[in-house]
Amino acid sequence: MAGRQLGQITSKILESGTPAALKRRATDFAKKLKAEYEAGLREVPTTAEQEATADEVSDAMRKVDWTKVKATTASKTADVSQSVKTMAAQVDWDRVTPVAAEVSAALIAAVASGQLPIGGAMGARVARTIMNDHGLAQQVARSLARTPEQHPPDFRPLVVGAIETTATE
């Protein structure tokens, strides 16, 4: 249910009209993302469950059109920028390894651009990966490494830019 709510909130963010509505919806999204992460902290997944989740998320990432993600995030529209800022603010970047940060940033860009729709159980898995819950982003990176030709581009500069912009506003 929470995953479906994440997907609904994300679509509302992408379809919003006014800056106030955009900010309110982005805040709602951040709260849902944080709730998914905290729920994940209460349930320690087994190794097999964690590996299955990593494979599912990496498979979803392989299907993303990264050219469209780059084009959408490069346009720097208000809704995409706000979505990136909101999701990026939920990650403790100081505790994430560079490889996991690359996965988290790519997922943030894919979700913010609308190229990775999240809903249902996949929404929770993506949220947990973005937050690197139980090292999930690291495991997704290992799974993606099996097919380097399908590896997403590095969106960390976009996320760092969003964090820096948030810090100075």
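Residues numbered from 1 in each chain as written. Predicted model: local features only at pLDDT ≥ 70, side-chain atom pairs only at ≥ 80, totals over all residues. Heavy atoms only, no water.

A. Focus on the overall build of the protein chain. Secondary structure assignment for the protein chain yields nine helices and zero strands. Starting at the N terminus and walking to the C terminus, you meet the elements of the protein chain as α-α-α-α-α-α-α-α-α. Across the 169 residues that make up the protein chain, the buried fraction comes to 46%. About 8,500 Å² of surface is accessible on the protein chain, with carbon and sulfur atoms providing 53% of the total. (Helix = DSSP H or I, 4+ residues; strand = E, 2+ residues; numbered from the N terminus. Buried < 20%, exposed > 50% of the residue type's maximum accessible area, 1.4 Å probe, protein only. Areas by Shrake-Rupley, 256 points an atom, 1.4 Å probe, with all protein chains shown as cover.)

B. Structural view of the nonpolar core. Counting 37 residues, the largest nonpolar core has Met-61, Trp-66, Val-103, Leu-107, Leu-116 and Val-140 as its most contacted members. For this core, the elements supplying multiple residues, two or more each, are α3 (47–62), α4 (66–75), α5 (78–88), α6 (98–113), α7 (120–130), α8 (136–145) and α9 (156–168). Of the residues forming this core, the biggest block, 11 residues, is contributed by α6. Excluding residues that lie within four positions of it along the chain, Trp-66 makes contacts with Met-61, Ala-106, Ala-110, Gln-150, Pro-152, Pro-153 and Phe-155. (Core = buried A, V, L, I, M, F, W, Y, C linked by side-chain atoms within 4.5 Å. Contact = heavy atoms within 4.5 Å.)

C. Focus on the packing of aromatic side chains. Scanning the entire structure with this criterion turns up one aromatic pair. Relative to Phe-155, the ring of Trp-66 has its centre 5.8 Å away and its plane inclined at 40 degrees; by these criteria the two rings are tilted. Of this pair, Trp-66 sits in helix α4 while Phe-155 sits in the loop between α8 and α9, and the two are 89 residues apart along the sequence. Its relative accessible area of 10% is what places Trp-66 among the buried residues. Relative accessible area serves as the criterion here: at 5%, Phe-155 is assigned to the buried category. (Phe/Tyr/Trp six-rings, centres within 6.5 Å; stacked < 30°, edge-to-face > 60°.)

D. Just the side chain of Gln-50, in detail. Tracing the chain through its elements places Gln-50 in helix α3. What Gln-50 contacts, discounting residues up to four positions off in sequence, is Pro-45, Arg-128, Asp-133, His-134, Gly-135, Leu-136 and Gln-139.

E. Broad picture of the environment of Asp-92. Within the element layout of this structure, Asp-92 appears in the loop between α5 and α6. The exposure class assigned to Asp-92 is partly exposed, which follows from its relative accessible area of 40%. Measuring from C-alpha to C-alpha, the distance between Asp-92 and Asn-132 comes to 8.9 Å, with 40 residues separating the pair along the chain.

F. Just the packing of α6 against α8, in detail. At a minimum axis separation of 8 Å, α6 and α8 run at an interaxial angle of 85 degrees. Taken together, the axes of α6 and α8 lie roughly perpendicular to each other. Along the contact surface, α6 presents Val-99, Ala-100, Val-103 and Ser-104, while α8 presents Ala-137, Gln-138, Val-140, Ala-141 and Leu-144. A breakdown of the residues in the contact of α6 with α8 according to their chemical character gives seven nonpolar, two polar and no charged. (Axes fitted to C-alpha atoms, helices over the stretch in contact; angles between N-to-C directions. Parallel < 35°, antiparallel > 145°, perpendicular 65-115°, else oblique. Nonpolar A, V, L, I, M, F, W, Y, C, P; charged D, E, K, R; others polar.)

G. Examining α4 more closely. Looking only at α4, the buried set comprises Trp-66, Val-69 and Thr-73. Buried residues of α4, seen end-on, are gathered within an arc of 50 degrees and therefore sit on one face of the element. Turned more than 90 degrees away from the buried face of α4, the exposed residues are Thr-67 and Ala-74. (Arc of directions from axis to C-beta.)

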